[in-house]
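# A structural walkthrough
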Amino acid sequence: MVNPALQSAIEAMSLDERLELVEYIEGTVPVAVTERQKATIRSRAAELEADPSIGLSWGELKARLAARRA
């Protein structure tokens, strides 16, 4: 579970700041992300910022995942 203070801080960030954070985290985790995957992430983040109704809140996502496991 994400620390609530950390989650609030991330949610308050602009899209560019969040992408910078993702890039920083990527550099600290031994997972290879291709340039194509990065482009897809940026594109989807921009789409979500333009129209937040296309996404799910963290709570909605957790509920859907829990329902699948049941």
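Structure's up top.
Each chain has its residues counted from 1, following the order in which its sequence is written. Selection of residues for local features in this predicted model requires a pLDDT of at least 70, selection of side-chain atom pairs for listing and counting requires 80 or more, and totals for whole chains, interfaces and linings are taken over all residues. Side-chain measures here rest on the full set of heavy atoms in the structure, leaving out hydrogens and waters.

## Considering the overall build of the protein chain
Under the convention used in this document: Strands here are runs of E lasting at least two residues and helices are runs of H or I lasting at least four, both read from the DSSP assignment and numbered beginning at the N terminus. Our radius of gyration is a C-alpha quantity, and the globule rule it is checked against amounts to 2.2 Å times the number of residues to the power 0.38. Partly exposed describes any residue whose relative accessible area lies between the buried limit of under 20% and the exposed limit of over 50%, with all areas from a 1.4 Å probe on protein chains only and scaled to the type maximum. Positive charges are assigned to Lys and Arg, negative charges to Asp and Glu, while His and the chain termini are left out of the count. Here the site of a charge means atom NZ of a Lys, CZ of an Arg, CG of an Asp or CD of a Glu.
Across its full length, the protein chain holds four helices and zero strands. When the helices and strands of the protein chain are placed in sequence order, the string is α-α-α-α. Taking 70 residues into account, the globule formula puts the C-alpha radius of gyration at 11 Å, and the protein chain, at 14 Å, lies well above it. Projected onto its principal axes, the C-alpha positions of the protein chain cover 35 × 30 × 30 Å. The buried share among the 70 residues of the protein chain stands at 4%. Mean positive and mean negative side-chain charge positions of the protein chain (9 and 11 charges, respectively) differ by 11 Å.

## Some words on the pattern of salt bridges
The criterion, for reference: By salt bridge we mean one thing: a side-chain nitrogen of Lys or Arg within 4 Å of a carboxyl oxygen of Asp or Glu.
Throughout the structure, instances matching the rule amount to four salt bridges. Between E49 and R18 there is a salt bridge whose closest N-O contact spans 3.4 Å. One end of the pair, E49, is in helix α3 (residues 35-50); the other, R18, is in helix α2 (residues 15-28), and 31 residues separate them in sequence. Put simply, K38 and E35 hold a salt bridge, and the shortest N to O gap is 3.2 Å. Here E35 and K38 lie together in helix α3, a separation of three residues that amounts to about one turn. The exposure class assigned to E35 is exposed, which follows from its relative accessible area of 55%. Each of E26, E35 and K38 takes part in a single network of salt bridges with overlapping partners.

## Here we look at the side chain of K38
Which entries qualify depends on this criterion: Note on contacts: a residue pair qualifies if any of its non-hydrogen atoms lie within 4.5 Å across the two residues.
By relative accessible area, which is 19% here, K38 ends up buried. Non-local contacts of K38, meaning those with residues more than four positions away in its chain, are made with E26 and V33.

## Looking at the packing of α2 against α3
Where we set the bar: Note on geometry: axes are C-alpha line fits, over the in-contact stretch for helices, and angles between N-to-C directions span 0 to 180 degrees. Any angle that falls under 35 degrees is termed roughly parallel, while one over 145 is termed roughly antiparallel, one within 65 to 115 roughly perpendicular, and all others oblique. We call a crossing left-handed when the near helix sits turned anticlockwise from the far one by less than a right angle, and right-handed when that turn is clockwise. Polar here means any residue other than Ala, Val, Leu, Ile, Met, Phe, Trp, Tyr, Cys and Pro, which are nonpolar, and Asp, Glu, Lys and Arg, which are charged; Gly is therefore polar.
α3 packs onto α2 with a crossing angle of 150 degrees between their chain directions and a minimal axis gap of 11 Å. Judged on the interaxial angle alone, α3 and α2 are roughly antiparallel. Read as a crossing pair, α2 and α3 show a hand that is right-handed. Taken together, the residues of α3 that come into contact with α2 (itself represented by L15, R18, L19, E23 and E26) are K38, I41, R42, A45, A46 and E49. Taken together, the residues of the contact of α2 with α3 break down into five nonpolar, no polar and six charged.

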